[in-house]
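As a plain string of letters, each chain reads:
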Amino acid sequence: MNIAAAGQGLYPLSRCKIIHLVRHAQGVHNVAEEKNPNACFSNDLFDAQLTPLGWNQVENLRKHVKACGLSRRIELVIVSPLLRTMQTAVGVFGGEAYVDGSKEPPLMMENVGDSNHPVISSLNCPPILAVELCREKIGLLPCDKRRTKSEYQSMFPAIDFSLIESDEDIWWTPYREKSEEVAARGLKFLEWLWTRQEKEIAVVSHGGFLYNTLSAFGNDCHPNVKNDICTLFANCELRSVITVDRG
């Protein structure tokens, strides 16, 4: 039997990374756009936060990653520096309820984004690193424009913002990024990901970014595999993939 012909292959573990991709939970902009597609142009949706249902989705995913042991294996969480993705990241992968008197800064302060959510601890959880490259399709829509870095640092004291070069959002423009530009940015992000020493990483990002990035893959696979890779993400969906260095 020709194993290769059966669609199987072997790769050294040293040339592989396990990436756990997560789309943010339901945001207020998702609800508004379902009612009126033009609502996304409203400044009221600037840097959209999670809805109460979104926070329930976060809690359900948190229970899942703990029950299956994933929370113990992840070495690093990378997050898009927008409110809804950071709320999702700290809610799913953060520590337990904050304990008064702790010397460690919290991951999230109380009531960030009018969430009525208590403080989230940074104890016993992987580091969380904010990276601009994995933002949603950039430009035009206020919901995809970020706040200043200093504002976020006060909201999420234990998130690492050291890779965010500018306090102001210099990435956002009045023009919407094209899908092929998002895909190119996504490939650049994955190339950067390979420079990290961690082998098991979670990435909390956005539906458009994840779809356009993953659509570049699976063309050499069975159509069912391509479909598994490239379908749109639901809110707070987790999808795990293995990336392989064939170089």
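The protein goes by Phosphoglycerate mutase-like protein 1 in an unreviewed UniProt entry, where it is assigned to Stylosanthes scabra. In the Sequence similarities (unreviewed entry) part of its UniProt record, the protein is described as follows: "Belongs to the phosphoglycerate mutase family."

Enquirer: Any chance you could break down the state of the cysteines for me, citing the residues and the numbers?
Expert: In this structure the tally under the stated criterion is zero disulfides. Lacking any disulfide linkage, Cys143 is separated from the closest cysteine sulfur, that of Cys40, by 6.4 Å. Given the relative accessible area of 1%, Cys143 is considered buried.

Enquirer: Tell me what's going on with the sheet that holds strand 2 (residues 76-79), and back it up with residues and numbers.
Expert: The five strands lie next to each other as 3-2-4-1-5, forming an open sheet whose pairing is mixed. Of all strands in the sheet, those bounded by a partner on one side alone are strand 3 (128-130) and strand 5 (238-244). Averaged over all adjacent pairs, the angle separating strand axes in this sheet is 25°, with direction ignored. Across seven bridges, strand 1 (residues 16-23) lies against strand 5 in antiparallel orientation. When the sheet's bridge partners are listed, Lys17 is paired in strand 5 with Thr243. Helix 4 (residues 83-93) contacts strand 1, strand 2, strand 3 and strand 4 (200-205) of the sheet and is inclined by roughly 140° relative to strand 4. Against the sheet, helix 7 (residues 207-214) touches strand 1, strand 4 and strand 5, its axis set at about 140° to strand 1.

Enquirer: Lay out the layout of surface pockets in plain terms, naming residues and giving numbers.
Expert: Within this model, the second largest pocket holds a volume of roughly 350 Å³. Lining the second largest pocket are 20 residues, with Arg23, His29, Asn30, Glu33 and Glu136 positioned closest to its centre. Of all the elements, helix 1 (residues 28-35) adds the most residues to the lining of the second largest pocket, at four residues. Of the residues in the lining of the second largest pocket, the class split is five nonpolar, seven polar and eight charged.

Enquirer: Can you explain the packing of helix 2 (residues 52-67) against helix 4? Please cite residues and give values.
Expert: For the pair helix 2 and helix 4, interaxial distance at closest approach is 8 Å and the crossing angle is 40°. Our pair here, helix 2 against helix 4, has a crossing hand that is right-handed. Between helix 2 and helix 4, the contacting residues are Trp55, Val58, Leu61, Arg62 and Val65 on the first element and Gln87, Thr88, Val90, Gly91, Val92 and Phe93 on the second. Across the contact of helix 2 with helix 4, the residue classes break down as seven nonpolar, three polar and one charged.

Enquirer: Can you lay out the packing of aromatic side chains for me, pointing to particular residues and giving the numbers?
Expert: The tally for this structure, following the rule as stated, stands at three aromatic pairs. Measuring from centroid to centroid gives 6.3 Å for Tyr152 and Phe161, while their planes differ by 10°, and the two rings are stacked. According to the relative accessible area criterion, Tyr152 is buried, its value standing at 1%. Look at Phe189 and Phe209: their rings are 5.9 Å apart centre to centre, the planes differ by 80°, and that puts the pair in the edge-to-face class. Of this pair, Phe189 sits in helix 6 (residues 179-194) while Phe209 sits in helix 7, and the two are 20 residues apart along the sequence.

Enquirer: I'd like a rundown of the pairing of strand 4, residues and numbers included.
Expert: The element strand 4 is extensively covered by neighbouring structure, given that six of its six residues are classed as buried. Burial along strand 4 is two-sided: Glu200, Ala202 and Val204 and Ile201, Val203 and Ser205, pointing in opposite directions, are all buried. In terms of strand pairing, strand 1 meets strand 4 through six bridges, oriented parallel. Its bridge partner being in strand 4, Ile18 is matched across the sheet by Glu200. In the sheet, strand 2 pairs with strand 4 via four bridges, with the strands oriented parallel. Looking at the pairing, Val79 lines up with Val204 of strand 4.

Enquirer: Explain the side chain of Arg84 to me, and be specific about the residues and the numbers.
Expert: Tracing the sequence through the fold places Arg84 in helix 4. Given a relative accessible area of 1%, Arg84 falls into the buried group. Polar contacts involving the side chain of Arg84 include one to the main-chain carbonyl oxygen of Cys143, which spans 2.7 Å. Here Asp144 takes part through its side chain, which lies 2.6 Å from a polar atom of the side chain of Arg84.

Enquirer: Go over unusual backbone geometry, please, and point to the residues and values.
Expert: Residue Asn111 is not a glycine yet carries a positive backbone phi of 65°. Relative to the helices and strands, Asn111 resides in the loop between helix 4 and strand 3. Judged by its relative accessible area of 32%, Asn111 falls in the partly exposed class. The phi angle at Asp114 is positive, at roughly 55°, despite the residue not being glycine. Here Asp114 shows up in the loop between helix 4 and strand 3.

Cut-offs used in this document
- Residues numbered from 1 in each chain as written.
- Predicted model: local features only at pLDDT ≥ 70, side-chain atom pairs only at ≥ 80, totals over all residues.
- Heavy atoms only, no water.
- UniProt positions renumbered as here; feature names shortened; annotations may be inferred.
- Disulfide = S-S within 2.5 Å.
- Buried < 20%, exposed > 50% of the residue type's maximum accessible area, 1.4 Å probe, protein only.
- Pairing = 2+ DSSP bridges.
- Helix = DSSP H or I, 4+ residues; strand = E, 2+ residues; numbered from the N terminus.
- Axes fitted to C-alpha atoms, helices over the stretch in contact; angles between N-to-C directions.
- Contact = heavy atoms within 4.5 Å.
- 1 Å grid on protein atoms, 1.4 Å probe; cavity = no way out; pocket = protein on both sides within 12 Å on 5 of 7 lines; lining within 4 Å.
- Points joined across faces, edges and corners; volume = space filled by probe spheres on them.
- Nonpolar A, V, L, I, M, F, W, Y, C, P; charged D, E, K, R; others polar.
- Left-handed = near helix turned anticlockwise from the far one by under 90°.
- Phe/Tyr/Trp six-rings, centres within 6.5 Å; stacked < 30°, edge-to-face > 60°.
- Polar contact = N/O pair within 3.5 Å; in protein donor to acceptor, adjacent residues only side chain to side chain.

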